[in-house]
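Structural features, examined
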Amino acid sequence: MKITQYVPKESLLTGPAGARVLVVDDEEFLRFLVREWLEQAGYTVEEAADGREALGKLDGRGHDFDILLTDIRMPIMDGIALLREWLQRSPNTAGVVMSANAELDIAVSALKLGACDYITKPFGNDVLLITLENALRKKELERQVEDYRLNLEKKVKEQTDVINLMYVRSIDAMVKALEAKDDYTRGHAQRVTIYSVAIAREMGLPEREVEDIRRASVLHDLGKIGVREAVLNKPAALTDDEFREFARHPGISVNILEPVPFFRPILPAILHHHERYDGRGYPGGLAGDEIPLASRIMAVADTFDAMTTTRAYRKALPAEDAVAELRACAGTQFDPGIVSVFLSCREKIRIPAECGIS
Ligand SMILES: [Fe+2]
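1. Quick word on the overall build of the protein chain
From N to C terminus, the protein chain includes 14 helices and 5 strands. Its C-alpha atoms give the protein chain a radius of gyration of 36 Å, more than 25% over the compact-globule value 21 Å for 358 residues. In terms of principal-axis extent, the alpha carbons of the protein chain reach across some 100 × 50 × 35 Å. Per-residue burial for the protein chain yields a buried fraction of 43% across its 358 residues. Sequence-distant contacts in the protein chain: of pairs separated by 6 or more residues, those separated by 24 or more amount to 65%. When the accessible surface of the protein chain is summed, it comes to about 19,100 Å², and 55% of that surface belongs to carbon and sulfur atoms.

2. Topic: the coordination of the iron ion
Under perfect tetrahedral coordination by four donors, a metal shows angles of 109.5 degrees; under perfect octahedral coordination by six donors, it shows angles of 90 or 180 degrees. Within the protein, the iron ion binds to D221 (OD), H249 (NE2), H273 (NE2) and H274 (NE2); these donor distances fall in the range 2.0 to 2.3 Å. Seen from the iron ion, its 4 donor atoms lie at angles of 86 to 173°, and the figure they make is irregular. Counting gaps between the donor residues of the iron ion yields the pattern D-x27-H-x23-H-H. Remark: H274 occurs in the loop between α11 (267-271) and α12 (293-307) and H249 occurs in helix α10 (residues 249-257); sequence separation between them is 25 residues.

3. Remarks on the sheet that holds strand β2 (residues 44-48)
The strand order β2-β1-β3-β4-β5 describes an open sheet built from 5 strands, whose pairing is parallel. A single partner strand is all that each edge strand has here, and the edge strands are β2 and β5 (117-120). Averaged over all adjacent pairs, the angle separating strand axes in this sheet is 20°, with direction ignored.

4. Digging into the layout of surface pockets
One number sums up the size of the largest pocket: a volume of about 780 Å³. Mapped onto the lining of the largest pocket, the elements with two or more residues apiece are α8 (229-232), α9 (240-246) and α12. With 5 residues, α12 is the single largest residue contributor to the lining of the largest pocket.

5. Structural notes on the environment of A294
Along the chain, the position of A294 falls in helix α12. Expressed as a C-alpha distance, the spacing of A294 and I266, which sit 28 residues apart in the sequence, is 8.7 Å. For A294, the contacting residues outside a window of four places in its chain are I213 and A269.

6. Description of the pairing of strand β3 (residues 67-71)
Burial runs high along β3: 5 of the 5 residues are buried. For strand β1 (residues 20-24) and β3, the ladder comprises 4 bridges, and the chain directions are parallel. In the sheet register, V24 faces β3, and the bridge partner there is T70. Note: β3 against strand β4 (residues 94-99), 5 bridges, orientation parallel. Residue pairing in the sheet places T70 in a bridge with V97 of β4.

7. A few points about empty space enclosed by the protein
Tallied over the full model, the rule gives 2 cavities of 30 Å³ or more. The computed volume of the largest cavity comes to approximately 100 Å³. V175, L178, E179, T185, H188, A189, V218, H220, D221, L222 and K224 are the residues that line the largest cavity. Those elements that provide at least two residues to the lining of the largest cavity are α5 (125-181) and α6 (188-202). In terms of residue count, α5 provides more of the lining of the largest cavity than any other element does, 3 residues in total. Across the lining of the largest cavity, the residue classes break down as 5 nonpolar, 3 polar and 3 charged.

Procedures and definitions
Residues numbered from 1 in each chain as written. Predicted model: local features only at pLDDT ≥ 70, side-chain atom pairs only at ≥ 80, totals over all residues. Heavy atoms only, no water. Helix = DSSP H or I, 4+ residues; strand = E, 2+ residues; numbered from the N terminus. Rg over C-alpha atoms; globule rule 2.2 N^0.38 Å. Buried < 20%, exposed > 50% of the residue type's maximum accessible area, 1.4 Å probe, protein only. Contact = heavy atoms within 4.5 Å. Areas by Shrake-Rupley, 256 points an atom, 1.4 Å probe, with all protein chains shown as cover. Donors = N, O, S within 2.8 Å, 3.2 Å for Na, K, Ca; no water. Tetrahedral: all angles 85-135°; square planar, octahedral: opposite > 155°, others 65-115°. Pairing = 2+ DSSP bridges. Axes fitted to C-alpha atoms, helices over the stretch in contact; angles between N-to-C directions. 1 Å grid on protein atoms, 1.4 Å probe; cavity = no way out; pocket = protein on both sides within 12 Å on 5 of 7 lines; lining within 4 Å. Points joined across faces, edges and corners; volume = space filled by probe spheres on them. Nonpolar A, V, L, I, M, F, W, Y, C, P; charged D, E, K, R; others polar.

As structure tokens, this is what we get:
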């Protein structure tokens, strides 16, 4: 088999226009020689006699060197310490170490620190130029791979946002379909949201938690879409079987929302919005602080709105009667702390006309 010897092209022996090299070596003659070779090849060259002097040439304004060509054994600060410090402060520089044969293990340490290559002393002009060209190419490739990775992450995020938006829109359509199916819930989700957010703000919860409560409240009854209209709109008490069917709606809400990561943080709040403080609610029979705080808030808001609006099975109660009922059930059905927060801010809450009391 014919093996073609690798012959560097002309361009490899010509430094990229404007590429800046910092040559660090305590031997003045070597610096002089390297500078001569590199400047002839088109590089811009500066020199330093040790690591500390080299670091003093980092300007920190993004105009740093393209290549750091450094000896290993030097007084004051050696090449390894210099590389470690330099590559932390200027990671885009291609580091190349110059080592004697006996220092190969140290050269390997330099590669582990992030140096692109090493060159063994003594070396000639052509080997030096090829090594620097390769180091620059390697750094450029690393930059392109990083750009590609960042671009890919950006594209994936954009696509995920589009998918999430489509899902949110389809869920919005489901909420509207539910409102069409169950006349009495029209505006209910919006009012429960207004009450719940008001309670959360009155309690001084962080804005992120308030936002989660807002989303959970809007969607809490979405699962009613899986309950028969005859059950939802029955103008009388439900039979045991009908109640079991009705009680599935928090779980159905969770099943609908679960595929979208965006909704996952609010699923426990939705699942447990029919728990009771005394542990006699559903679906988990959780009690007291076992019930997510958002669910305890939504339970008060949900029940107050249900009592003050007309339903298939009864007329709306006056607000004063609903308040009395909340007080009576504080500590059994409801978290008493949340009832008192709601009652302290209830009169300040304004319900807009478009989701007004039906
Ligand atoms: Fe519900």
